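Geometric and topological summary
Chain by chain, the residues run as shown.
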Amino acid sequence: MKETILIIGSNGQIGTELAIALRKKFGASSVITSDIRKPENLQSDEIFEQVNVLDKEGLKSLFVKHQPTQIYLLAAMLSAVGEQYPQKAWDLNMNGLLNVLDLCLVLGIKKVFWPSSIAVFGPHSPKSDTPQHCIMDPNSIYGISKLAGERLCEYYHTKYGLDIRSIRYPGVISWKTVPGGGTTDYAVHIFFEALAKGQYSSFLSADTALPMMYMEDAVRATIQLMDAPSENITIRSSYNLAGVSFTPAMLAQEIKKILPNFEMSYIEGDPRQAIADSWPQSINDEYARKDWNWSLTFDLPTMTKDMIDNLKNKQA
Ligand code: SER
């Protein structure tokens, strides 16, 4: 069957790189990108449609026009910005998802990817080696919307047979595009500042451990999950993925091995600290390993080296 892929929210950190990977896999003419704003450097063979995921009629026209066989819904407001605009975050994250799920039923679109996050866990979830199934009491609006979204995904799968698949992404680290307003953003900004200024002030404390993942692994995981036979997918809420857990101090130490003059300092009192403190320090991903053969490629040293090499090349 010829696949037609629609990415909603394709200008963001994950969307940008997923679009590149999906074009490589399916061909540029099979991948439709869409976002609320036009991208800056659209290539002549790339297909883009401007759409607001909250505009259900606009979304419907897009679905009818392109008849996608797979949808990747990446439009969302992340944890830190979400705390500034809780109603908007809820509206975008929930109603955007509901619009897509409902239109899939109406128009017979069968396969969807929707991202969840480590933010679905909360202060009473186990902090280390956090299991797939445990107490989940998120206290950020982002985490609350993601947990509600997970329940909706499982509901639409069980009740309507929609083949929806999801990953609880850890903090994603990348050099092509920066993230927009998350709690884990420090682990991306640090690389840009290390090269530009030789120093970085972290808004998270030195010993705040969080699960992270290099973009190459995150994109590979997403495509691997979407390629897996449907009968192997035993988790229809969202899969835990462990990634690699580290603290700001550990990351600074690793950067110093390559840039010995790099200096790290810490700012106290940032509201993102409380969000980070409510999240797991490390994650158990046994279901992803068992169900679709997941394994990680990049650890902290290899990721750090690859980030710095690529950012240096980009600057040159
Ligand atoms: N990286 C996201 C954030 O920090 C978590 O999914 O909001």
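Residues numbered from 1 in each chain as written. Predicted model: local features only at pLDDT ≥ 70, side-chain atom pairs only at ≥ 80, totals over all residues. Heavy atoms only, no water.

A closer look at the sheet that holds strand E1 (residues 5-8)
Pairing in this open sheet of seven strands is parallel, and the strands run E3-E2-E1-E4-E5-E6-E10 from one edge to the other. Because the sheet does not close on itself, it has two edges, and the strands there are strand E3 (47-50) and strand E10 (239-240). The pairing of strand E4 (residues 70-73) with strand E5 (residues 111-117) spans three bridges and is classified as parallel. What sits directly across from tyrosine 72, in E5, is phenylalanine 113. (Pairing = 2+ DSSP bridges. Helix = DSSP H or I, 4+ residues; strand = E, 2+ residues; numbered from the N terminus.)

Observations concerning the packing of aromatic side chains
Taken as a whole and assessed by the stated rule, the structure comprises nine aromatic pairs. With 5.6 Å between their ring centres and 85° between their planes, tyrosine 239 and tryptophan 292 make a pair best called edge-to-face. One end of the pair, tyrosine 239, is in strand E10; the other, tryptophan 292, is in helix H10 (residues 286-292), and 53 residues separate them in sequence. What makes tryptophan 292 buried here is its relative accessible area of 5%. (Phe/Tyr/Trp six-rings, centres within 6.5 Å; stacked < 30°, edge-to-face > 60°. Buried < 20%, exposed > 50% of the residue type's maximum accessible area, 1.4 Å probe, protein only.)

Remarks on the site of the ligand
The full set of residues close to the ligand is Leu78, Ser79, Ser117, Tyr142, Gly182, Thr183, Thr184 and Trp279. Between the ligand and the protein, one listed contact pairs an oxygen atom with a backbone N or O atom of threonine 183 at 2.6 Å. In this structure, a nitrogen atom belonging to the ligand sits 2.8 Å away from a side-chain N or O atom of threonine 184. Surface burial for the ligand is 93%, taken as the share of its 240 Å² of free accessible area covered by protein chains. Tallied by class, the residues present in the shell around the ligand amount to three nonpolar, five polar and no charged. (Near = heavy atom within 4 Å. Polar contact = N/O pair within 3.5 Å; in protein donor to acceptor, adjacent residues only side chain to side chain. Areas by Shrake-Rupley, 256 points an atom, 1.4 Å probe, with all protein chains shown as cover. Nonpolar A, V, L, I, M, F, W, Y, C, P; charged D, E, K, R; others polar.)

Worth remembering: the numbers are spatial, not functional.
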